[in-house]
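Examining the three-dimensional arrangement
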Amino acid sequence: MDARVENYLRRGRFYVEGWLRTEAALTVIALADRQRALGVNGGTAEIGVHHGKLFILLYLLSRSPERAVAVDLFDDQHLNIDQSGAGDLARFRHNLERHAGSDRLVLKPGNSLALCGADLVRLADGPLRLASVDGGHTAEIAAHDLATVEAALAEGGIVIVDDVFNEQWPGVGDGVRRWFERRPNLVPFAIGANKTYFCRPSHRDVYRQAAVAAAGAATTTEFLGEAVAFLQFARPGFKDRLAASPLWRQVRTTPVGLPLRWAWHTGRRLRRGLARREDF
Ligand SMILES: C[S@@+](CC[C@H](N)C(=O)[O-])C[C@H]1O[C@@H](n2cnc3c(N)ncnc32)[C@H](O)[C@@H]1O
């Protein structure tokens with residue numbers, strides 16, 4: 001994994017307010033890697049960036065000269081009819097600069113309802129490789145934003161949609177169904193960690209495989225009449241996460257780490273002994 005992406009995943013992300021689970025970040029990284037392996041190029045875009053939590057990752061996963069387009073109401077929060085987050089331009093810019101830089105950023109402040117696919121292609125200087133839909137959460141806005149990114153997507157592009165199965169935001173699921181009734185040239189291929197992923201039918205199998213490999217396990221289910229992978233992530237426990245952390249690796253053999261390891265193993269032996277006694 002690219003060092004800047006890894007740094008953002010492990011540390012930087014926690015300093016940015018927003019919505020992005022570790023499992024979703026890992027899936028997006030794996031899908032972007034698979035796109036690179038397939039030679040799929042193009043800009044990235046997000047409708048609804050809030051303070052930039054996912055956008056920064058998308059930016060880090062893109063390469064010069066690919067542009068990264070950020071669409072949000074920002075200062076026009078009086079138009080944010082469902083109050084799903086609240087974009088803040090100053091914080092967004094600060095976060096992006098701190099964690100990724102901004103030379104390839106294209107800002108598009110305003111209402112996404114005024115945007116069409118051709119606008120996105122012009123702003124990104126070509127069809128999109130990765131696009132996230134996480135703006136207004138009403139059915140009307142979700143359906144509109146999906147149609148917008150679909151019209152701007154490259155052949156091997158991927159659309160990431162937030163909250164499709166979130167019971168707090170039923171409008172998103174309604175919007176997805178409304179949009180899908182118009183028979184778009186996209187199919188869903190995976191669902192997991194509050195994100196639903198769509199791509200052109202030509203790339204469905206290869207992306208589904210990449211998403212499942214990132215999760216570690218999956219079951220096949222059906223959504224919108226299509227077979228999709230429900231991603232099941234095996235999250236490492238606290239001990240495994242601690243053991244893998246750079247800080248622990250530095251201290252584990254020092255006068256600080258050695259007694260901690262002794263206490264941990266002694267405690268484990270005692271707990272096992274007690275558990276055996278309770279069996280009788
Ligand atoms: C849930 S937040 C986005 C979270 C973000 N993707 C993240 O990674 O944390 C939704 C965002 O959509 C923006 N928004 C809401 N309605 C919008 C609209 N009609 N046009 C553009 N942006 C909109 C809000 O300002 C808010 O920043």
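Residue numbers restart at each chain and count upward from 1, following the sequence in its written direction. Totals for whole chains, interfaces and linings use every residue, but because this is a predicted model, local features are given only for residues with pLDDT of at least 70 and side-chain atom pairs only at 80 or more, for both listing and counting.

Quick word on the packing of helix H6 (residues 139-152) against helix H7 (residues 170-180)
Packed helix pairs are specified by the crossing angle of their axes together with the interaxial distance, meaning the distance between the axes. Threshold: The axes used here are C-alpha line fits, helices contributing only the stretch in contact, and every angle between their N-to-C directions lies in the interval 0 to 180 degrees. Per the convention used, a helix needs a DSSP run of H or I reaching at least four residues, while a strand needs a run of E reaching at least two, with both numbered from the N terminus. In what follows, roughly perpendicular refers to angles from 65 to 115 degrees, roughly parallel to angles under 35, roughly antiparallel to angles over 145, and oblique to any angle outside these ranges. Left-handed describes a crossing whose near helix is turned anticlockwise from the far helix through less than a right angle; right-handed describes the clockwise counterpart. Residues are defined as contacting one another if the C-beta atoms placed from their backbone atoms lie within 7 Å. Only Asp, Glu, Lys and Arg are considered charged in this grouping, and only Ala, Val, Leu, Ile, Met, Phe, Trp, Tyr, Cys and Pro are considered nonpolar; every other residue, Gly among them, is considered polar.
Packing of H6 against H7 brings their axes to within 7 Å, and their N-to-C directions diverge by 45°. With respect to H7, the element H6 is oriented oblique. Once H6 is placed against H7, the crossing between them reads as right-handed. On H7, the residues touching Ala139, Glu140, Ile141, Ala142, Ala143, Leu146 and Ala147 of H6 are Gly171, Val172, Asp174, Gly175, Val176, Arg178 and Trp179. Across the contact of H6 with H7, the residue classes tally to 9 nonpolar, 2 polar and 3 charged.

What about the pairing of strand S2 (residues 68-72)?
If a strand is regular, its side chains alternate between the two faces of the sheet. For clarity, the threshold we go by: Whether a residue is buried, exposed or partly exposed is read from the other C-beta atoms within 10 Å of its own C-beta, which are placed from the backbone; 20 or more gives buried, 12 or fewer gives exposed, and intermediate counts give partly exposed. The criterion for strand pairing is that DSSP finds at least two bridges linking the strands in question.
S2 sits mainly inside the fold: 5 of its 5 residues count as buried. Going residue by residue along S2, you find Ala68, Ala70 and Asp72 tucked away on one face and Val69 and Val71 tucked away on the opposite face as well. Relative to S2, strand S1 (residues 43-47) runs parallel, the two sharing 4 bridges. By the bridge assignment, Thr44 is partnered in S2 with Ala68.

Notes on the domain arrangement of the protein chain
We apply this condition: For the domain bounds, the source is a domain assignment made automatically or taken from a database.
With domains assigned, the protein chain is organised as domain 1 (3-233) and domain 2 (238-279). Taking the mean C-alpha position of each, domain 1 and domain 2 sit 40 Å from one another.

Quick word on the site of the ligand
Going by this rule: Defining nearness, a residue is near a molecule or strand when the C-beta atom obtained from its backbone falls within 6 Å of it.
The ligand sits among 23 residues. The nearest are Gly18, Gly48, Gly85, Gly87 and Gly136. Class assignment of the residues belonging to the shell around the ligand gives a composition of 9 nonpolar, 11 polar and 3 charged.

Structural notes on helix H8 (residues 204-215)
Counted only if it meets this: Expected span, for any helix, means 1.5 Å times one less than how many residues it has.
With 12 residues, H8 ought to run about 16 Å at 1.5 Å a step, and its terminal C-alpha atoms sit 17 Å apart, in line with that. Within H8, burial applies to Arg204, Tyr207, Arg208, Ala210, Ala211, Val212, Ala214 and Ala215. Each element contacted by the buried residues of H8 is listed here: helix H2 (22-38), strand S5 (153-162), strand S6 (187-192), strand S7 (195-199), strand S8 (216-223) and strand S9 (226-233).

Re unusual backbone geometry
The omega torsion of the bond from Ser64 to Pro65 falls at 10°, within 30 degrees of zero and hence cis. If you trace the backbone, Pro65 turns up in the loop between helix H3 (53-60) and S2. Even without being a glycine, Gln83 presents a positive backbone phi close to 55°. Along the chain, the position of Gln83 falls in the loop between S2 and helix H4 (89-99). With a phi angle near 60°, Asp125 is a residue other than glycine that sits in the positive phi range. Its place among the elements puts Asp125 in the loop between helix H5 (117-124) and strand S4 (128-133). Taking the number of C-beta atoms within 10 Å as the measure of exposure, Asp125 has 13 and is therefore partly exposed.

As for the environment of Ala143
Tracing the sequence through the fold places Ala143 in helix H6. Residue Ala143 is classed as buried on the basis of its C-beta count, with 21 C-beta atoms lying within 10 Å. Taking C-alpha positions, Ala143 is 20 Å from Pro109, a pair spaced 34 residues apart along the chain. For Ala143, the residues in contact, after removing those within four places along its chain, are Gly175, Arg178 and Trp179.

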